[in-house]
Amino acid sequence: MNDLNDLARRYAAVWNEPDPAVRRESIARLFAPDAAHYTPSMEAHGHAELEERIATSYDKWVAPGTYVFRAVENANGHHGAVRFNWEMVRTASGEVDSVGFDFLTLGEDGRIRTDHQFIES
């Protein structure tokens, strides 16, 4: 596998991306076409639903200028699976308001096949 912390950074970056066209391209590079994203309360399947899911999160948390997402440099993995934490950080103060955990499975091409997202705090 490539540098897993780099994957985590690219993953967090897509949630901060303001340009819908760039976001769409990033999703295509990160996620397999039939990828699935799961949270305790929702799921998204395929690029179109992922775009909608990520855009909704961006509009709610990042676009107003209140928060930014960042990966924690703790990614590790084996046998095509990766886990890492991320933080939702207040842009004004740098204070961490929320911590999440993602568990990914990757396809042979290195793109995300499944993404299980958990909110830890």
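Placed above this text is the structure.
Residues numbered from 1 in each chain as written. Predicted model: local features only at pLDDT ≥ 70, side-chain atom pairs only at ≥ 80, totals over all residues. Heavy atoms only, no water.

(A) Highlighting the pairing of strand S3 (residues 67-71). Residues Tyr 67, Phe 69 and Ala 71 of S3 are buried on one face, while the alternating residues Val 68 and Arg 70, pointing to the opposite face, are not. Across five bridges, the pairing between S3 and strand S5 (residues 81-90) is antiparallel. Note that in S5 the partner of Val 68 across the bridge is Val 89. (Buried < 20%, exposed > 50% of the residue type's maximum accessible area, 1.4 Å probe, protein only. Helix = DSSP H or I, 4+ residues; strand = E, 2+ residues; numbered from the N terminus. Pairing = 2+ DSSP bridges.)

(B) Representation of the layout of surface pockets. Quantified by volume, the largest pocket comes out at close to 540 Å³. Elements with a contribution of two residues or more to the lining of the largest pocket: helix H1 (4-16), strand S2 (43-45), helix H3 (46-62), S5 and strand S7 (112-119). It is H3 that contributes the most residues to the lining of the largest pocket, seven residues altogether. For the lining of the largest pocket, the class distribution of residues is twelve nonpolar, eight polar and five charged. (1 Å grid on protein atoms, 1.4 Å probe; cavity = no way out; pocket = protein on both sides within 12 Å on 5 of 7 lines; lining within 4 Å. Points joined across faces, edges and corners; volume = space filled by probe spheres on them. Nonpolar A, V, L, I, M, F, W, Y, C, P; charged D, E, K, R; others polar.)

(C) Main features of the environment of Arg 10. Structurally, Arg 10 is set in helix H1. Along the chain, Arg 10 and Leu 106 lie 96 residues apart, while their C-alpha atoms are 14 Å from each other.

(D) Just the pattern of salt bridges, in detail. Enumeration according to the criterion identifies nine salt bridges in this entry. Among the ionic pairs, Asp 6 bridges to Arg 9, the shortest N-O distance being 3.9 Å. With Asp 6 and Arg 9 both in helix H1, this residue pair falls three residues apart, about one helical turn. For Asp 6, a relative accessible area of 30% corresponds to the partly exposed category. Asp 109 serves as the salt-bridge partner of Arg 111, at 2.9 Å between the closest nitrogen and oxygen. The class of Arg 111 is partly exposed, set by a relative accessible area of 23%. (Salt bridge = Lys/Arg side-chain N within 4 Å of Asp/Glu carboxyl O.)

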